[in-house]
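# An overview of the molecular structure
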Amino acid sequence: MTYHIPRIVHWAQNGTVAHYQTDDARQLASPQLPAFINLSNYLYTGTDRTLNLLQSLAYLLSGYLVYGLSRKLGNSRIVNILSSVIYFTSPIIFLEAFTTQVDVFSGLILLCFVTVIFDYYSENFMLGTGREAISKTVLLAVFVGFGYISKPSVCICMLVFIIALGISCLVKKESLKLMVIHILVALVTIIAVIVPE
């Protein structure tokens, strides 16, 4: 309430997302992707009553992704449903889903990242320069960039998965040249996502 909503109101009032004078540096320095989304919501609706909509939608989509990840792990239908139920009934997640904070939204970005990176761990997936392999790397990098501009702490979890992926590639004896190509593609994509902020 001290920097999420005031920042949005200042932007709407000033007619720009440029920096403005404030005594709370968090209004200027905190990650801005969720604030941009909520600014659009605020401008379209003309009220701040729906600013928790981002979190609420992220909450619902995250529950769906938890179900999908459980399915990808090969669990039974009942375990998949139970995974979603546990997610939906976790007190902190449930309470956070109806606020103007950004934690559930950044968690959604992390779940999207995990959903995509999970395919890399399958035994038959190999790096390549084909369209599918490069597009998956670009998609992962987009999620890393979005994670950074929504809540940088999410990137710590992503880094753990990326290190594990690097180890997995080395175990599968992937070409070092291909690994470097994918790293460069990812870095360029991440920079392209982050720089406009």
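The present account deals with the structure reproduced in this document.

Calculation criteria
- Each residue is numbered by its place in its chain's sequence as written, counting from 1.
- Two thresholds apply to this predicted model, a pLDDT of at least 70 for residue-level local features and 80 or more for giving and counting side-chain atom pairs, whereas whole-chain, interface and lining totals are computed over all residues.
- Excluded from the side-chain calculations are hydrogens and water; all other atoms, namely the structure's heavy atoms, are used.
- Secondary structure elements are defined from DSSP: runs of H or I of at least 4 residues count as helices, runs of E of at least 2 residues count as strands, and each element is numbered from the N terminus.
- Remark: exposure states derive from per-residue accessible area (1.4 Å probe, protein chains only) relative to the maximum for the residue type, with buried under 20%, exposed over 50%, and partly exposed in between.
- Two residues form a contact once any of their heavy atoms are found within 4.5 Å.
- Areas reported here follow the Shrake-Rupley algorithm with a probe of radius 1.4 Å; residue values treat only the protein chains shown as occluding.
- The convention is simple: Lys and Arg are positive, Asp and Glu are negative, and His and the chain ends are not counted.
- Where a charge lies is defined by one atom per residue type: Lys uses NZ, Arg uses CZ, Asp uses CG and Glu uses CD.
- Between the first and last residue of a helix there are one fewer steps than residues, each counted as 1.5 Å, and that sum is the expected span.
- It is the directions from the helix axis to the C-beta atoms whose arc is reported.
- Throughout this description, a polar contact denotes any pair of N or O atoms lying within 3.5 Å of each other; where both atoms belong to protein, one of them has to be capable of donating a hydrogen while the other can accept it, and for residues adjacent in sequence the pair is counted only when both atoms sit in side chains.
- The working definition used for a salt bridge is a side-chain nitrogen of Lys or Arg within 4 Å of a carboxyl oxygen of Asp or Glu.
- Buried Ala, Val, Leu, Ile, Met, Phe, Trp, Tyr and Cys residues form a nonpolar core when they are joined through side-chain atoms within 4.5 Å.
- Definitions used throughout: a 1 Å grid over protein atoms alone; a cavity as a set of points that fits a 1.4 Å probe which cannot get out; a pocket as an open set with protein on both sides within 12 Å along at least five of seven lines; a lining residue as one with an atom within 4 Å of a point.
- Grid points are joined across faces, edges and corners, and a volume is the space filled by probe spheres set on the points.
- Gly falls in the polar group here, along with every residue not listed as nonpolar (Ala, Val, Leu, Ile, Met, Phe, Trp, Tyr, Cys, Pro) or charged (Asp, Glu, Lys, Arg).

Before going further, it helps to examine the overall build of the protein chain. When helices and strands are counted, the protein chain shows ten helices and zero strands. Going residue by residue from the N terminus, the α and β elements of the protein chain occur as α-α-α-α-α-α-α-α-α-α. Once the C-alpha set of the protein chain is aligned to its principal axes, its extents read approximately 55 × 40 × 25 Å. A total of 197 residues make up the protein chain; the buried ones form 41% of that total. Once local pairs closer than 6 in sequence are excluded, the contacts in the protein chain between residues at least 24 apart make up 69%. As presented, the protein chain carries roughly 11400 Å² of accessible surface, and 70% of it is formed by carbon and sulfur atoms. Seen as two clouds, the 12 positive and the 10 negative side-chain charges of the protein chain have centres 9 Å apart.

Next up on the list: helix 4 (residues 53-72). Under the 1.5 Å per step criterion, the end-to-end length of helix 4 is 28 Å for 20 residues, consistent within 8% with the ideal 28 Å. Where helix 4 is concerned, the buried positions are Leu54, Gln55, Ser56, Ala58, Tyr59, Ser62, Gly63, Leu65, Val66, Tyr67, Leu69 and Ser70. Residues of helix 4 that are buried sit in contact with helix 3 (33-45), helix 5 (77-89), helix 6 (91-96) and helix 7 (103-120).

A rise of 1.5 Å per residue sets the reference length of helix 10 (residues 176-194), with its 19 residues, at 27 Å; its end C-alpha atoms lie 27 Å apart and thus fit the reference within 8%. Of all the positions in helix 10, only Leu178, Met179, His182, Ala186, Thr189, Ile190 and Val193 are classed as buried. Summarising the axial view, the buried residues of helix 10 lie within an arc of 105°, below the 170-degree limit, and thus occupy one face. The exposed set on the far side of helix 10, more than 90 degrees from its buried face, consists of Leu176, Lys177, Val188, Ile191 and Ala192. Close packing links the buried residues of helix 10 with helix 8 (131-150) and helix 9 (154-171). Between a side-chain oxygen at the N-terminus of helix 10 and the backbone nitrogen of lysine 177 the separation is 3.2 Å; the capping residue is serine 175.

Another point: the pattern of salt bridges. Tallying each qualifying case throughout the model produces two salt bridges. For aspartate 24, the salt bridge identified is with arginine 26, shortest N-O distance 3.1 Å. Classification of aspartate 24 by relative accessible area gives buried; the value is 14%. Accessibility expressed as a relative area gives 40% for arginine 26, which makes it partly exposed. With a closest N to O distance of 2.7 Å, lysine 151 and aspartate 103 form a salt bridge. Linking lysine 151 in the loop between helix 8 and helix 9 with aspartate 103 in helix 7, this pair joins segments that are 48 residues apart in sequence.

What follows deals with the nonpolar core. Core analysis: the largest hydrophobic core is formed by 38 residues, its most contacted members being Phe113 and Met158. Elements represented by at least two residues in this core include exactly helix 4, helix 7, helix 8, helix 9 and helix 10. Contacts of phenylalanine 113, omitting those with residues within four sequence positions, involve Leu140, Phe143, Val144, Met158, Phe161 and Ile162. Residues Tyr20, Ala35, Leu39 and Leu51 belong to the second largest nonpolar core, which totals eight residues.

This paragraph deals with empty space enclosed by the protein. Enumeration according to the criterion identifies one cavity of 30 Å³ or more in this entry. Approximately 40 Å³ is the volume attributed to the largest cavity. Lining the largest cavity are His4, Arg7, Ile8, Pro31, Pro34, Ala35, Asn38, Thr100 and Val102. Those elements that place two or more of their residues in the lining of the largest cavity are helix 1 (4-14) and helix 3. Here the lining of the largest cavity is composed, by residue class, of five nonpolar, three polar and one charged.

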